[in-house]
Amino acid sequence: MKIGILVTGHIDEPHIKNYGGYAQMFQRLFEAAGVTFEYEVFYVIDEQWPEYIDSCDGWLITGSASGVYDNTPWMQKLKKWIIHAHEQHIPMVGICFGHQIIAQAFAGHVEKFSGGWGVGPHRYELNDFLLEGKGDVQLHAVHQDQVVKKPLNAVCLASSEFCENAILAYGNTILTIQAHPEFTKEYATDLLELHQGHAIATEPAQQALAKLNGQYPVDDMAVARWMARVFLLKA
């Protein structure tokens, strides 16, 4: 099964040597979770697009430092791509920016949250849903933007006090997650250390770094298998 990774952002230059990029992070995540896929990577942020909507069996849309409300030409094209893929019943997974732009494509609303930044390990309560026997999940978060109004065709599967629409599902073919199952503790730490006091406000960044130095295990493997099941339903 081939998964097309639609890359919507580049990681910081100092981190490329150690972590590669978003696409490589997802490939390592699935491998660690015991899931084997074939991959093809497209940097849609650089206007590199697949030739056909069905050239892959499923699509994964990554995170980005961009805001979906910027509505740049590549974002406009991506929203049309999302609608077309959904009409063709092609499974999709969206993470962070991917979560947000899928919501926006279906007439949801995304904005900078008035509550500020959500960074570090965050716990989300699963709404009437158990994941591998768990009623909640903890994942690394790095965001200020969030889906403040979900689309009518989306069901909210997980929430927190900070992020009401943390995980959304659109039928059986689309799963979107605000947090980052692909982020390791090491990458999350390096990211916050680089950006605290600049792109990310100092106080929440320091609080998150303190959590990252403590015992806050994340449920990245369980969530990776959940993501994989969305793709494998088509198989």
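This text goes with the structure placed above it.
Caption draft 1: Region of the structure containing the overall build of the chain. On a plain count of helices and strands, the chain comes out with 7 helices and 11 strands. When the 235 residues of the chain are sorted by exposure, 55% land in the buried category. The long-range fraction of contacts in the chain, counting pairs at least 24 apart against all pairs at least 6 apart in sequence, stands at 71%. Carbon and sulfur atoms form 49% of the exposed surface of the chain, whose accessible area is close to 10,600 Å². If the 16 positive side-chain charges of the chain are averaged to one point and the 27 negative ones to another, these points end up 2 Å apart.

Caption draft 2: Geometry of the side chain of Lys2. Mapped onto the fold, Lys2 is located in strand S1 (residues 2-7). In terms of polar contacts, Lys2 uses its side chain to reach the side chain of Glu40, at 3.1 Å. Among all residues touching Lys2, those that are not within four sequence positions of it are Glu38, Tyr39, Glu40, Ser55, Cys56, Asp57 and Gly58.

Caption draft 3: Seen up close, the pattern of salt bridges. Taken as a whole and assessed by the stated rule, the structure comprises 6 salt bridges. Of the charged contacts in the structure, one is a salt bridge between Glu40 and Lys2, with a shortest N-O distance of 3.1 Å. Here the residue Glu40 occupies a position in strand S2 (residues 38-43), and Lys2 occupies one in strand S1, the gap between them amounting to 38 residues. The class for Glu40 is partly exposed, based on a relative accessible area of 31%. Each of Arg123, Lys134, Asp136 and Asp219 takes part in a single network of salt bridges with overlapping partners.

Caption draft 4: Up close: the packing of helix H3 (residues 73-87) against helix H4 (residues 97-105). Between H3 and H4, the shortest axis-to-axis distance is 9 Å and the interhelical angle comes to 70°. As judged from the angle between their axes, H3 and H4 are roughly perpendicular. Across the interface between the two elements, Trp74, Met75, Leu78, Lys79, Ile82 and Ile83 from H3 touch Phe97, Ile101, Ile102, Gln104 and Ala105 from H4. Here the contact of H3 with H4 is composed, by residue class, of 9 nonpolar, 1 polar and 1 charged.

Caption draft 5: Highlighting unusual backbone geometry. Backbone geometry places Ala107, a non-glycine residue, at a positive phi of 75°. The phi angle at Glu132 is positive, at roughly 50°, despite the residue not being glycine. As for its placement among the helices and strands, Glu132 is situated in the loop between strand S6 (118-126) and strand S7 (136-143). Looking at Glu132, the relative accessible area reads 44%, which means it is partly exposed.

Caption draft 6: The arrangement of the packing of aromatic side chains in detail. Under the defined criterion, the tally for this structure stands at 12 aromatic pairs. Both rings, one in Phe113 and one in Phe162, keep their centres 5.0 Å apart while their planes meet at 85°; by these two values the pair is edge-to-face. Remark: Phe162 occurs in the loop between strand S9 (155-159) and strand S10 (167-170) and Phe113 occurs in the loop between strand S5 (109-112) and S6; sequence separation between them is 49 residues. Using a relative accessible area of 22% as the deciding quantity, one classes Phe113 as partly exposed. A network of ring pairs unites the aromatic residues Phe30, Phe37, Tyr39 and Phe231 as a single cluster.

Scoring rules and cut-offs
Residues numbered from 1 in each chain as written. Predicted model: local features only at pLDDT ≥ 70, side-chain atom pairs only at ≥ 80, totals over all residues. Heavy atoms only, no water. Helix = DSSP H or I, 4+ residues; strand = E, 2+ residues; numbered from the N terminus. Buried < 20%, exposed > 50% of the residue type's maximum accessible area, 1.4 Å probe, protein only. Contact = heavy atoms within 4.5 Å. Areas by Shrake-Rupley, 256 points an atom, 1.4 Å probe, with all protein chains shown as cover. Lys, Arg positive; Asp, Glu negative; His and termini not counted. Charge placed at Lys NZ, Arg CZ, Asp CG, Glu CD. Polar contact = N/O pair within 3.5 Å; in protein donor to acceptor, adjacent residues only side chain to side chain. Salt bridge = Lys/Arg side-chain N within 4 Å of Asp/Glu carboxyl O. Axes fitted to C-alpha atoms, helices over the stretch in contact; angles between N-to-C directions. Parallel < 35°, antiparallel > 145°, perpendicular 65-115°, else oblique. Nonpolar A, V, L, I, M, F, W, Y, C, P; charged D, E, K, R; others polar. Phe/Tyr/Trp six-rings, centres within 6.5 Å; stacked < 30°, edge-to-face > 60°.

Limitation: the analysis is restricted to geometry and does not speak to function.
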